[in-house]
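# Observations on the model geometry
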Amino acid sequence: MARSPPWRRARGDRRLPYNSSSKLGQILAYEDLRQWIAALGRAGELKTISVEVDPVLEITEIADRVGKGKFSSKPGGSALLFTNIKGHPGSQVLINQFGSARRMNLALEVDALDQVADRIRSFMDVKSPQGFLDKVKMLPMLAEMGKFFPKTVSSGPCKEVIKRDNFSLRDFPVLQCWPKDAGRFITLPCVVSRDPKTGKRNVGMYRMQVFDERTTGMHWQRQKVGAEHYREALRTAAKANAEESARASAAVDVMARTSGGSILLEGSQPHGKMEVAVAIGTDPAITFSAIVPAPPDVEEYVIAGFLRQKPVELVKCETVDLEVPASAEIVLEGHVHLDELRTEGPFGDHTGYYSLEDLYPVFHVSCITHRKNPIYSKTIVGKPPMEDGWMGKAVERIFLPLMRLTIPELIDINLPLEGVFHNLMLVSIRKSYPGQARKVMNAIWSLGQAMFTKCIIVVDEDVNVQDVGEVTLKVLNHIDPERDIQFTLGPVDSLDHSSRLPNYGSKIGIDATRKWPSEGFARPWPDEILMDEKTKALVDKKWKDLGL
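Analysis parameters
- Residues numbered from 1 in each chain as written.
- Predicted model: local features only at pLDDT ≥ 70, side-chain atom pairs only at ≥ 80, totals over all residues.
- Heavy atoms only, no water.
- Pairing = 2+ DSSP bridges.
- Helix = DSSP H or I, 4+ residues; strand = E, 2+ residues; numbered from the N terminus.
- Axes fitted to C-alpha atoms, helices over the stretch in contact; angles between N-to-C directions.
- Core = buried A, V, L, I, M, F, W, Y, C linked by side-chain atoms within 4.5 Å.
- Buried < 20%, exposed > 50% of the residue type's maximum accessible area, 1.4 Å probe, protein only.
- Contact = heavy atoms within 4.5 Å.
- pLDDT = per-residue confidence, 0-100.
- Phe/Tyr/Trp six-rings, centres within 6.5 Å; stacked < 30°, edge-to-face > 60°.
- 1 Å grid on protein atoms, 1.4 Å probe; cavity = no way out; pocket = protein on both sides within 12 Å on 5 of 7 lines; lining within 4 Å.
- Points joined across faces, edges and corners; volume = space filled by probe spheres on them.
- Nonpolar A, V, L, I, M, F, W, Y, C, P; charged D, E, K, R; others polar.
- Polar contact = N/O pair within 3.5 Å; in protein donor to acceptor, adjacent residues only side chain to side chain.
- Disulfide = S-S within 2.5 Å.

### Brief notes about the sheet that holds strand β22 (residues 485-491)
Taken in spatial order, the 5 strands of this open sheet run β19-β20-β21-β23-β22, and their pairing is mixed. Of all the strands in the sheet, the pair left with one neighbour each is β19 (410-414) and β22. Between one strand and the next, the sheet's axes are offset by a mean angle of 20 degrees, whatever the strand orientation. Relative to strand β23 (residues 504-511), strand β21 (residues 455-460) runs parallel, the two being bridged by 4 bridges. Within β23, the residue paired with V458 across the bridge is D511.

Here you go:
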């Protein structure tokens, strides 16, 4: 029998109902996924489905229709909580929780995402104190910063049930999303690993194909931090097997011969294990922090603390030396072997196409802990617009101030949903010298995950990049294709099926800024057609009388 949803059962939840006029200083962090679900319910952003549904394909079709607004006037539809899952009595599945601009704002407890960007900007603008009064003025900000750092607690809800044996991944309602998917995939996991060299933790989000009761694929794409931890473990193992004078060469050799850990060496692959933990069903700030392009030295748990204005509480795992969110619904503990890769995929991806099968490490589960009656949190990806698109737009708005640290002339950016994050970036700049648009393109291609951007279009500051129609008009009028288009070679997204080689291909930059004489343009530049303000004011005054 279907259980009543947690947003109706949360009697102990004393949080105020969502108020669109709430201010950042009044943030009350969601303690866990269940408080977040309760908030969605109070805000009218949740639909509970008690009709039996199949986790194989059917839930995807329902969520896709809702997310694309096919039967609703509300953009992104509603978040969905399924309480009657075929083959999984008593289980619940949450999907489309971030699938609209309003729900992203609600998740981060702001009126607009630019408010988070403003907070980031305020911290970056802090100047060194010049005297005693300056130091006193900084105390409130330093106290606020103290809220960001995680703290370890002795136990938490994720330890309500602990299984070191007699467990199966198939006990959870993991979805098969699309007809040609290779199987069922965990798609909203917070994957925790530790840098073997520095000990720094990372939280990333990588899909996990369920192979059997105790193993999954670990699809950390080549340029992700989790994959770099894996490569560092490979380097460390290779150096351990080499003479002291040859250790540096051994690390270079193993990277070259394994193509960065993407293929196995016959008979000479370094052995060893790398510990990994996976948290499923975390509060929205933690989930979101796992996808953000964080600076290398900033831990995702700190970002989550910054977003929620409260420390993330962590507990130590049972069988691996890692820490996970104490309030997570489900935690998987285990390791990957350095000498084991397995074919993963295909998988219906956010590009709108199936990503092709490839070799990836295998995650071996050694222990599962979870809350009583855990809620399985899930997302689906495919042709946009979908839930991940709204998450991507949030990243775009929030991290614009960080991009300006290295590209100060940047005015605004837009990653159109149809560009699926890495295929198109529209950029406006304050142009100050010849060739600056090309400098900006190369700077973007050097920024973390922005290096995958297939097409960058740069316009002047008087173009609104959020208006794709205006951008199209201005770009096509302003460019001479031979003069203004440049190509470059470099890393491309692993999901790009069109590149000449996996993970390596070409990218295009278009300089659609107005050209200067110092850039070799000597012709006159025509004025843009605009009505004069006097006439516009006159018509404004007559508008009612015109009956239009």
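From this point on, the discussion continues.
### Quick look at the nonpolar core
Formed by 45 residues in total, the largest nonpolar core has its most connected members in M218, W220, V276, V278, L332 and F363. Elements with a contribution of two residues or more to this core: α3 (58-67), β2 (79-82), β3 (92-95), α7 (225-240), α8 (247-257), β11 (273-280), β14 (330-344) and β17 (358-370). In terms of residue count, α7 provides more of this core than any other element does, 6 residues in total. Other than its neighbours up to four places away in sequence, M218 contacts V191, Y206, R207, M208, V276, V278, Y360, P361 and F363. Within the second largest apolar cluster, 34 residues are counted, among which are L46, A107, V110 and I303.

### Some words on the confidence of the model for the protein
Scored by pLDDT, the protein has a mean of 89; 91% of the residues are at 70 or more. Note that pLDDT drops below 50 for residues 7-25; the model gives that stretch 33 contacts with residues more than four away or on any other chain.

### Let's talk about the pairing of β11
Burial of β11 is extensive: 6 of the 8 residues sit out of reach of the surface. Sheet topology places strand β7 (residues 189-194) next to β11; 4 bridges connect them, and they run antiparallel. Along β11, the bridge assignment pairs P189 with I280. Relative to β14, β11 runs antiparallel, the two being bridged by 8 bridges. Looking at β14, one finds that K273 is bridged to H337.

### Looking at the pairing of β14
Where β14 and β17 come together, 11 bridges link them in antiparallel fashion. Along β17, the bridge assignment pairs E333 with C367.

### Quick word on the packing of aromatic side chains
What the rule picks out here adds up to 7 aromatic pairs. Ring centres of F185 and F347 lie 4.6 Å apart, and the angle between their planes is 50 degrees; on these two criteria the pair is classed as tilted. Placement of F185 in strand β6 (residues 185-186) and of F347 in strand β15 (residues 347-348) is noted, with a sequence separation of 162 residues between them. Between the aromatic rings of W220 and Y230, the centroid separation amounts to 6.0 Å while the plane-to-plane angle is 40 degrees, which identifies the pairing as tilted. Separated by 10 residues along the polypeptide, W220 in the loop between β10 (215-217) and α7 and Y230 in helix α7 bring together distant segments of the chain.

### What about the layout of surface pockets?
Space inside the second largest pocket adds up to approximately 560 Å³. In this structure, the second largest pocket is lined by 19 residues; those nearest its centre are N477, H478, W525, P526 and E528. By residue class, the composition of the lining of the second largest pocket is 8 nonpolar, 2 polar and 9 charged.

### Observations concerning unusual backbone geometry
Most peptide bonds are trans, and most residues other than glycine sit at a negative phi. The step from G345 to P346 runs through a cis peptide bond, and the omega angle for that step is 5 degrees. Here P346 lies in the loop between β14 and β15. Look at the link from P384 to P385: it is a cis peptide, with omega at 5 degrees. Notably, Q309 is not glycine yet its phi reads approximately 60 degrees, a positive angle. Note that Q309 resides in the loop between α10 (300-308) and β12 (313-316).

### Digging into helix α2 (residues 33-42)
Counting buried positions along α2 gives 9 out of 10 residues, so the element sits mostly inside the fold. For α2, the N-terminal cap is D32; the gap from its side-chain oxygen to the backbone nitrogen of R34 is 3.1 Å. Just beyond α2, the residue with positive phi is G44, at close to 70 degrees.

### Section: the state of the cysteines
Overall, the coordinates contain 0 disulfides when judged by the stated rule. Summary of cysteine pairing: C158 is not part of a disulfide, and the nearest cysteine sulfur, belonging to C317, is at 7.8 Å. Taking relative accessible area as the criterion, C158 reaches 0% and is therefore assigned buried. We note that C190 lacks a disulfide partner, and the nearest cysteine sulfur, in C158, lies 12 Å from it.

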